[in-house]
Amino acid sequence: MNYFLLKTEPTDYSIDDLRRDKKTSWGGVRNFQARNIVRDEIKKGDFCIIYHSSCVIPAAVGLGEIVKAPYPDLMQFDSSSKYFDPTSKKDDPRWFAVEVKFKEKFLAPLPLEKMRTIKELSDMRLLARGNRLSFMSLSKMHFEIIKKLSS
DNA sequence: GCCAACGTTGGC
DNA sequence: GCCAACGTTGGC
């Protein structure tokens with residue numbers, strides 16, 4: 001069992017959207033480092049913290065479960081999609097997605113500002129300088145702390 | 001809206 | 001393969 005943190009902009013797709021949809025194809029990752037995490041590390045049954053970025057209060061807002069292993073992100077082949085990638089080939093897809101199921105919306109979302117004050121979270125990737133990954137792995141300890149502080 | 005930080009692209 | 005220019009992310 002592994003743990004991850006998934007970023008999303010709430011104006012684009014929020015935890016409420018995920019709760020409404022029950023589950024969703026989580027794609028649109030167009031960064032090679034994040035792509036490698038999606039393609040090579042995430043497995044069915046893994047848990048993920050959902051994080052809202054680029055908003056008034058950036059925060060960990062909920063919990064999801066990976067219910068389908070990585071598969072090619074179909075948006076890369078869709079010329080009408082903003083995630084269209086003309087250089088990606090169907091027999092050698094460049095970008096991947098996973099299916100995420102809604103598990104929980106945190107009663108007390110944990111703001112980024114608060115996370116920075118918690119010693120046990122200080123080595124978390126999310127808090128690193130210039131961090132820009134939309135998918136990142138999370139240690140079990142970090143996962144447990146975030147969950148405990150926001151439930 | 002600003003800007004620091006980082007990734008990607010492309011000329012050489 | 002270097003590196004300048006450019007684009008994007010994301011907190012503030």
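Residues numbered from 1 in each chain as written. Chains lettered and ligands numbered in written order. Predicted model: local features only at pLDDT ≥ 70, side-chain atom pairs only at ≥ 80, totals over all residues. Heavy atoms only, no water.

(A) How the structure looks around the protein's contact with DNA strand B. If you check the shell around DNA strand B, you find N31, F32, Q33, R129, G130 and R132 and nothing else. For DNA strand B, the fraction of protein-proximal atoms (within 4 Å) that sit in sugar or phosphate groups is 72%. Note that a phosphate oxygen of DNA strand B is positioned 3.1 Å from one of the side-chain N or O atoms of Q33. Of the residues belonging to the surface near DNA strand B, the class tally is one nonpolar, three polar and two charged. (Near = heavy atom within 4 Å. Polar contact = N/O pair within 3.5 Å; in protein donor to acceptor, adjacent residues only side chain to side chain. Nonpolar A, V, L, I, M, F, W, Y, C, P; charged D, E, K, R; others polar.)

(B) Examining unusual backbone geometry more closely. Positive phi, normally seen in glycine, also occurs at K22, with a value near 70°. In this fold, K22 is placed in the loop between α1 (15-21) and β2 (23-26). Look at K22 and you get exposed, because its relative accessible area is 59%. The residue S54 is not glycine, and still its phi comes out positive at about 50°. (Helix = DSSP H or I, 4+ residues; strand = E, 2+ residues; numbered from the N terminus. Buried < 20%, exposed > 50% of the residue type's maximum accessible area, 1.4 Å probe, protein only.)

(C) Broad picture of helix α2 (residues 32-40). Every buried residue of α2 is accounted for by A34, R35, I37 and V38. Down the axis of α2, the buried side of the element spans an arc of 160°, and every buried residue falls inside it. Close packing links the buried residues of α2 with β1 (3-8), β4 (59-72), β5 (96-111) and β6 (135-138). (Arc of directions from axis to C-beta. Contact = heavy atoms within 4.5 Å.)

(D) Main features of the pattern of salt bridges. The full count for this structure, using the stated rule, is 10 salt bridges. One salt bridge connects R19 with D16, and the closest N-O pair in it is separated by 3.1 Å. Taken together, the residues span about one helical turn, with R19 and D16 both in helix α1 at a distance of three residues. You can call R19 partly exposed: its relative accessible area is 41%. Of the charged contacts in the structure, one is a salt bridge between D17 and R20, with a shortest N-O distance of 3.2 Å. Placement of both D17 and R20 in helix α1 is noted, with a separation of three residues, approximately one turn of the helix. Here the salt bridges share partners, and the residues they tie into one network are D16, R19 and K105. (Salt bridge = Lys/Arg side-chain N within 4 Å of Asp/Glu carboxyl O.)

(E) Quick look at the nonpolar core. Counting 43 residues, the largest nonpolar core has W26, I49, M115, F135 and I146 as the members making the most contacts within it. No other element matches β5, which puts six residues into this core. Residue contacts for F135: discarding those within four places in its chain leaves L5, L6, W26, V29, A34, I37, V38, I42 and V98. (Core = buried A, V, L, I, M, F, W, Y, C linked by side-chain atoms within 4.5 Å.)

(F) Structural view of the side chain of S150. Tracing the backbone shows S150 in helix α4 (residues 140-150). Since its relative accessible area comes to 0%, S150 is described here as buried. In terms of polar contacts, S150 uses its side chain to reach the backbone carbonyl oxygen of I146, at 2.3 Å. S150 has contacts with F106, L107, A108, P109 and L110, leaving out every residue within four places of it along the chain.

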